[in-house]
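Examination of the molecular architecture
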Amino acid sequence: MNLIVNVDRNWAIGFRGGLLNRIPEDMAFFRKMTTGKVILMGRKTLESFPNGRPLKQRTNVVITGQQDYQVDGAIVVHSVEEALTFLKPYKDEDIFVIGGGSIYRQFLPYCDVAHVTQMDYAYEADTWFPNLDEMEDFIFVDDSEERTYFNVEYRFKLYMRRERYQKMLEASKT
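From a predicted model like this one, the values you see are computed outputs, not experimental measurements. Within any chain, residue numbers begin from 1 and follow the written order of that chain's sequence. Reporting of local features is limited, given that this is a predicted model, to residues whose pLDDT is at least 70; pairs of side-chain atoms are given and counted only at 80 or more, and all residues count toward the totals for whole chains, interfaces and linings. Side-chain measures were taken over the full set of non-hydrogen atoms in the model, leaving aside hydrogen atoms and water.

Okay, the environment of Leu108 next. Within the element layout of this structure, Leu108 appears in the loop between helix 4 (101-107) and strand 8 (113-119). Between the C-alpha atom of Leu108 and that of Leu87, which follows or precedes it by 21 residues, the distance is 15 Å. Strands here are runs of E lasting at least two residues and helices are runs of H or I lasting at least four, both read from the DSSP assignment and numbered beginning at the N terminus.

A separate point is the sheet that holds strand 2 (residues 12-15). If you walk across this open sheet you meet the three strands as 3-2-9, and the pairing is antiparallel. A single partner strand is all that each edge strand has here, and the edge strands are strand 3 (18-19) and strand 9 (127-128). Sheet analysis places strand 2 next to strand 3, joined by two bridges and oriented antiparallel. When the bridges of strand 3 are listed, Phe15 appears paired with Gly18. Paired strands, as defined in this entry, are two strands with at least two bridges between them according to DSSP.

Let us look at the UniProt feature "domain: DHFR" (unreviewed entry) in the chain. The feature "domain: DHFR" (unreviewed entry), as given by UniProt, occupies residues 1-161 in the numbering adopted here. The annotated region residues 1-161 carries 20% helix and 37% strand content, and the separation between its end C-alpha atoms amounts to 11 Å. UniProt positions are given in the numbering used here, feature names are shortened, and annotations may be inferred rather than shown by experiment.

What makes a salt bridge here is a side-chain nitrogen of Lys or Arg within 4 Å of a carboxyl oxygen of Asp or Glu, nothing more. With the rule as written, the count across this model stands at eight salt bridges. Here Arg147 makes a salt bridge to Glu25, at a shortest N to O gap of 3.2 Å. Of the two residues, Arg147 is situated in strand 11 (residues 147-149) and Glu25 in helix 1 (residues 24-34); the sequence distance between them amounts to 122 residues. Under the relative-accessibility criterion, Arg147 is labelled partly exposed at 28%. Classification of Glu25 as partly exposed rests on a relative accessible area of 34%. We call a residue buried when its accessible area falls under 20% of the maximum for its residue type, exposed when it is over 50%, and partly exposed in between, using a 1.4 Å probe and counting protein chains only.

Let's shift gears to the packing of aromatic side chains. Ring geometry is summarised as follows: Phe, Tyr and Trp rings, the Trp one being its six-membered ring, pair when their centres sit within 6.5 Å, and such pairs are stacked at plane angles under 30 degrees, edge-to-face over 60 and tilted between the two. Inspection of the entire model under this criterion finds 10 aromatic pairs. Measuring from ring centre to ring centre gives 6.1 Å for Phe107 and Tyr110, while their planes differ by 55°; the resulting arrangement is tilted. The class for Phe107 is buried, based on a relative accessible area of 0%. The exposure class assigned to Tyr110 is partly exposed, which follows from its relative accessible area of 37%. Measuring from centroid to centroid gives 5.8 Å for Tyr154 and Phe156, while their planes differ by 90°, and the two rings are edge-to-face. The class for Tyr154 is buried, based on a relative accessible area of 3%. Three or more aromatic residues joined by ring pairs make a cluster, and in this case those are Trp11, Tyr104, Phe129, Phe140 and Tyr159.

So, in structure tokens, the structure goes:
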């Protein structure tokens, strides 16, 4: 399973239910990576989209504790276990966890690949993503050249679960 997230230099991801910044290149990267795939999100993330509608050309899976919650164009599940059961038929590489903070924390143990856009700026925030640089089971694999959007510098970074990265390296040697 993958996750995709935009963080600031302190690994913050949101403030008052919204994103910290909307960088057009990051939004295009998100579209490119998730179109035609399964995206898993919390109810508040879905409701932060334009008109609270699911994203087009994707299988939208929404996890919520609200038992009577329904939304046209999305599959609604009510627990991590129910989400994992629904996701079983899909390939891991076709599943992207897209937030918010609670969903990232709950599904991080199931994710092997993390696509992180990291901004070199500290925003006022109330929601954070776990700092992958401090986690022993994740390894920083690659990043892009530094880019700039107005006064914000950012990079696209790739992290992998250490065990998966080592397997990938071993497979490339044969």
